[in-house]
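# Structural features, examined
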Amino acid sequence: MIIEFEEKMLELIDTRIETASDDELFAGGYLRGHISLSVAKCEEQDVADVEILKSHINESLDDAKSELSPADRIIVADLWDELQGA
């Protein structure tokens, strides 16, 4: 189940590439890394629940918030929220 969720999220990010702004491209690339790392963490822990995966992604983004400017954090958070609603 988590692999399908990962594939869906990455596909949604990829379909935006042609029309995305520079900020959206950045946010998409940034999220790809956090999504993939969180999936790997779930696989290591034998977790198959998408809600737990989402929680890991949120934790990963929160842990890395100092890497981003406040404006970039908003762009990434907005994209993440949009992807989850898709």
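Everything below is about the structure printed above this text.
These lines cover the structure that appears in this document, whether it is placed above or below. (Residues numbered from 1 in each chain as written. Predicted model: local features only at pLDDT ≥ 70, side-chain atom pairs only at ≥ 80, totals over all residues. Heavy atoms only, no water.)

### Here we look at the overall build of the chain
For the record, the criterion: Per the convention used, a helix needs a DSSP run of H or I reaching at least four residues, while a strand needs a run of E reaching at least two, with both numbered from the N terminus. Computation of the radius of gyration draws on C-alpha atoms alone. For the globule rule, the value is 2.2 Å times the number of residues to the power 0.38. Working definition: with a 1.4 Å probe on protein chains only, accessible area under 20% of the residue-type maximum means buried, over 50% means exposed, and in between means partly exposed. Residue contacts are defined here by distance: any two heavy atoms, one from each residue, within 4.5 Å place the two residues in contact. Using a 1.4 Å probe, the Shrake-Rupley method yields the accessible areas, and only the shown protein chains count as cover for residues. Charged residues are defined here as Lys and Arg on the positive side and Asp and Glu on the negative side; His and the ends of the chain fall outside this count. The atoms used to mark charge sites are NZ of Lys, CZ of Arg, CG of Asp and CD of Glu.
Assigned secondary structure in the chain consists of four helices and zero strands. Reading the chain from its N terminus to its C terminus gives the helix and strand order α-α-α-α. Taken over C-alpha atoms, the radius of gyration comes to 12 Å for the chain, in line with the 12 Å a tight globule of 86 residues would show. Over its C-alpha atoms, taken along the principal directions, the chain stretches across nearly 35 × 30 × 20 Å. When each of the 86 residues of the chain is scored for burial, the buried share is 35%. For the chain, contacts bridging at least 24 residues in sequence account for 68% of all contacts bridging at least 6. Accessible area of the chain: about 5300 Å², with a carbon and sulfur share of 51%. Treating the 7 positive side-chain charges of the chain as one cloud and the 22 negative ones as another, the clouds have centres 4 Å apart.

### Structural notes on the side chain of Ser-60
Mapped onto the elements of the fold, Ser-60 is located in helix H3 (residues 50-63). Judged by relative accessible area, Ser-60 falls into the buried class, the value being 19%.

### Quick notes on the pattern of salt bridges
As a reminder of what qualifies: Salt-bridge detection follows one rule: a side-chain nitrogen of Lys or Arg within 4 Å of a carboxyl oxygen of Asp or Glu.
This structure, assessed with the given rule, holds four salt bridges. Between Arg-32 and Asp-14 there is a salt bridge, with the nearest N and O atoms lying 2.7 Å from each other. Here the residue Arg-32 occupies a position in helix H2 (residues 22-44), and Asp-14 occupies one in helix H1 (residues 2-15), the gap between them amounting to 18 residues. When its relative accessible area of 30% is taken as the criterion, Arg-32 is described as partly exposed. Residues Arg-16 and Glu-82 are paired through a salt bridge, measuring 1.9 Å at the closest nitrogen-oxygen approach. Residue Arg-16 is located in the loop between H1 and H2, and its partner Glu-82 is located in helix H4 (residues 70-85); the two are separated by 66 residues in the primary sequence.

### Points about the side chain of Glu-6
Within the fold, Glu-6 resides in helix H1. One buried charge, Glu-6, has no salt-bridge partner; the nearest side chain with opposite charge is Arg-32, at 7.4 Å. Apart from the residues within four sequence positions on either side, Glu-6 is in contact with Ile-35, Ser-36 and Val-39.

### Structural notes on unusual backbone geometry
One non-glycine residue, Asp-46, lies in the positive phi region at around 55°. Within the fold, Asp-46 resides in the loop between H2 and H3. You can call Asp-46 exposed: its relative accessible area is 73%.

Limitation: the analysis is restricted to geometry and does not speak to function.
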